[in-house]
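Residue strings, one per chain:
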Amino acid sequence: MTCPWERRYAQRMQGMRGSIIRELLKLTEQPDIISFAGGLPAPEVFPVARFEEATRRVLAEHGAQALQYSTTEGYRPLREYIVEKMSRYGIMARPENVLITSGAQQALDLIGKVLVDPGDVILTEQPTYMGALQAWRAYQADYVTAPIDDEGLCLDDRFIEALRAGPKFMYILPNFQNPTGVTLSLERRRKLVQIADHYGIPIIEDDPYGDLRYEGEHLPPLVVLDAEFQEERGTSGNGRGFVRGNVIYLGTFSKTLAPGLRLGWMVAPEEVIKRCVMAKQGMDLHTSSFSQMVAYEVAKDNYLDEHKLLIRQVYHERRDVMLAAMEEYFPLGVYWTRPSGGLFLWVTFPDWLDAAELLKTAVQDKVAFVPGAAFHPNAHEGVGHNTARFNFSNAQPAQIEEGIRRLGLVLTRVLAEHKEEELEPEIMMA
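Only a predicted model underlies this, so the values are computations on that prediction, with no experimental measurement involved.

Asks: Kindly report on the overall build of the protein, identifying the contributing residues and their values.
Replies: A tally of regular secondary structure across the protein gives 13 helices and 14 strands. Taken against the 2.2 N^0.38 rule, which gives 22 Å for 430 residues, the C-alpha radius of gyration of the protein at 23 Å falls within 12% of a compact globule. Each principal axis of the C-alpha atoms in the protein carries an extent, and together these give about 80 × 65 × 50 Å. Within the protein, the proportion of its 430 residues that are buried is 54%. Of the charged side chains in the protein, 45 are positive and 59 negative, and the gap between their average positions amounts to 6 Å.

Asks: Which residues make up empty space enclosed by the protein, and what are the values?
Replies: It is a probe the size of a water molecule, rolled over the atoms, that shows where empty space is left. Taken as a whole, this structure holds 1 cavity of 30 Å³ or more when the rule is applied. Its boundaries defined by the atoms lining it, the largest cavity holds a volume of some 150 Å³. Together, 17 residues line the largest cavity, and Lys85, Asp207, Gly210, Asp211 and Tyr249 are the ones closest to its centre. For the lining of the largest cavity, the element with the highest residue contribution is strand 8 (residues 247–252), accounting for 3 residues. Looking at the lining of the largest cavity residue by residue, the classes come out as 9 nonpolar, 5 polar and 3 charged.

Asks: Give a description of the nonpolar core that names residues and reports values.
Replies: With 54 residues, the main nonpolar core has Phe159, Met170 and Leu192 as its most contacted residues. Once you skip the residues sitting within four places of it in the chain, Phe159 turns out to touch Leu123, Ala146, Leu153, Cys154, Met170, Leu192 and Ile195. Counting residues in each nonpolar core, the second largest holds 43 residues, with Ile34, Ala42, Ile311 and Ile400 among its members.

Asks: Outline the pairing of strand 11 (residues 344–348), listing residues and values.
Replies: Within strand 11, 4 of the 5 residues are buried, which leaves it mostly tucked inside the rest of the structure. Bridging between strand 10 (residues 335–336) and strand 11 involves 2 bridges; their strand directions are antiparallel. Its bridge partner lying in strand 11, Tyr335 is registered against Thr348. In this sheet, strand 14 (residues 387–391) lies alongside strand 11 in antiparallel orientation, the contact comprising 5 bridges. Residue pairing for strand 14: Leu345 is matched across the bridge by Phe390.

Asks: So, a nonpolar patch on the surface: which residues are in play, and what are the values?
Replies: A contiguous nonpolar surface patch, about 370 Å² in accessible area, is contributed by Trp5, Tyr9 and Met13. Residue position: Met13 is located in the segment before helix 1 (20–24). The exposure class assigned to Met13 is partly exposed, which follows from its relative accessible area of 42%.

Asks: Outline helix 12 (residues 355–364), supporting the account with residue identities and numerical values.
Replies: Quick reminder: α-helices carry 3.6 residues per turn. Residues three or four places apart thus point the same way. Among the residues of helix 12, those classed as buried are Ala355, Leu358, Leu359 and Ala362. For helix 12, the angular spread of buried residues about the axis comes to 105°, placing them on one side. Away from its buried face, by an angle of more than 90 degrees, helix 12 presents the exposed residues Lys360 and Gln364. Here helix 12 starts with a cap whose side-chain oxygen sits 2.9 Å from the backbone nitrogen of Ala356, and that cap is Asp354. Directly beyond the C-terminal end of helix 12, a positive phi value near 65° is found at Lys366.

Asks: Help me get a handle on the sheet that holds strand 13 (residues 370–371), residues and values and all.
Replies: Strand pairing in a sheet relies on backbone hydrogen bonds, with the paired strands running either antiparallel or parallel. If you trace the 4 strands from one edge of the open sheet to the other, you get 10-11-14-13, paired in antiparallel fashion. Two strands bound the open sheet, and with one partner strand each, they are strand 10 and strand 13. Strand direction decides the pairing type here: strand 13 and strand 14, joined by 2 bridges, are antiparallel. Within the sheet, the bridge partner assigned to Val370 lies in strand 14 and is Arg389. The strands touched by helix 11 (residues 303–329) are strand 10, strand 11 and strand 14; relative to strand 11, the strand with the most contacts, the crossing angle is about 15°.

Asks: Can you tell me about the packing of aromatic side chains, naming the residues and giving the values?
Replies: Summed over all chains, the structure comprises 10 aromatic pairs. With a centroid separation of 6.0 Å and an interplanar angle of 75°, the aromatic rings of Tyr75 and Tyr296 are classed as edge-to-face. One end of the pair, Tyr75, is in the loop between helix 2 (48–66) and helix 3 (76–87); the other, Tyr296, is in helix 10 (residues 289–299), and 221 residues separate them in sequence. Among the residues examined, Tyr75 registers a relative accessible area of 15% and is labelled buried. Where Phe253 meets Trp265, the ring centres are 5.0 Å apart and the plane angle is 55°; that geometry is what we call tilted.

Criteria and thresholds
Residues numbered from 1 in each chain as written. Predicted model: local features only at pLDDT ≥ 70, side-chain atom pairs only at ≥ 80, totals over all residues. Heavy atoms only, no water. Helix = DSSP H or I, 4+ residues; strand = E, 2+ residues; numbered from the N terminus. Rg over C-alpha atoms; globule rule 2.2 N^0.38 Å. Buried < 20%, exposed > 50% of the residue type's maximum accessible area, 1.4 Å probe, protein only. Lys, Arg positive; Asp, Glu negative; His and termini not counted. Charge placed at Lys NZ, Arg CZ, Asp CG, Glu CD. 1 Å grid on protein atoms, 1.4 Å probe; cavity = no way out; pocket = protein on both sides within 12 Å on 5 of 7 lines; lining within 4 Å. Points joined across faces, edges and corners; volume = space filled by probe spheres on them. Nonpolar A, V, L, I, M, F, W, Y, C, P; charged D, E, K, R; others polar. Core = buried A, V, L, I, M, F, W, Y, C linked by side-chain atoms within 4.5 Å. Contact = heavy atoms within 4.5 Å. Pairing = 2+ DSSP bridges. Patch = residues over 30% accessible without salt bridge, like charges linked within 9 Å, V, L, I, M, F, W, Y side chains within 5 Å. Areas by Shrake-Rupley, 256 points an atom, 1.4 Å probe, with all protein chains shown as cover. Salt bridge = Lys/Arg side-chain N within 4 Å of Asp/Glu carboxyl O. Arc of directions from axis to C-beta. Polar contact = N/O pair within 3.5 Å; in protein donor to acceptor, adjacent residues only side chain to side chain. Axes fitted to C-alpha atoms, helices over the stretch in contact; angles between N-to-C directions. Phe/Tyr/Trp six-rings, centres within 6.5 Å; stacked < 30°, edge-to-face > 60°.

Now the structure itself:
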């Protein structure tokens, strides 16, 4: 007798949804589609030759170690490298505060496994990173949200009202936020860590794009500001305030070396790291030893610092091309963000326009983007239907201009048709 699988699924599966981005990425397999859908780095900046050299060196000098099981915490030289790298941004840590994960996405899942019970509330920005919503829905979390504007999370009455729901933690992307591209201002960063301390609510600081700033001054991470605040209050204990503070910091090599490595990291107080280590052992025992050792060989000796200069130059140019093309081809009534770094910008269409329906038309003209509703925890309430995320890192400048031109024609046609529909009743009455 065939097994009735539908009756065997865990209750948590009822809240899990597939990723619209993973589905849209199938479009990139069609060579005639210009896709702004995925959050893909530019493959032409991957340091392939450096990886080839590093792979040979790892296998020649450390082959048995690289191919063997290893510790859950991660390859210590790589953790030491991350500690040194983060110290340049004021993040003071020890290797014991660092856990290597299989991409920052696994870190999000570990946080869910360690911190989230069914029915727990998580406070997010609105909109927010779709992958985080997916990770925590598996643990049957509920969400409250606070809006963002050009300076990031709005710390207004709506935010305070969300705090009254008693969230287990806040999830914040302060730098070039996915999906909007906006950056949390310094003033709001300081205020946020103070509010978090006052209410006793931890912050998960997800920072995959912090190294990809093209213009403006670097802003201190929330984990640093929290450390300073704890030290001012005399609660840091050992001069390394964040280790005992309110912020868990997440980083990744996906945007600076290569996403195929699946290497990220978590920085947290040792007690939290120990719990996450136990949870990770039940997932995969440890992240690939080979990938960690190769990544360390690639990144060391200041190579990654030099390589990031190239990445910033390439993405800066592509962002500028997309912004200029939108200025030229998009009709009045359409608005977009102007990020100072990262991979994305956010487009807002007129209220009546459904971005999911627009995508169907756009694909017929061989151009794709991600409708914005998927980035809203409460999309079922109709929020975000007239928004969209555009990625500019994974298309050549000429493709960007052509894709935006095509979409501009689609938008102009759709807006004109809507105007005609509005005029029809007036003509009939006349």
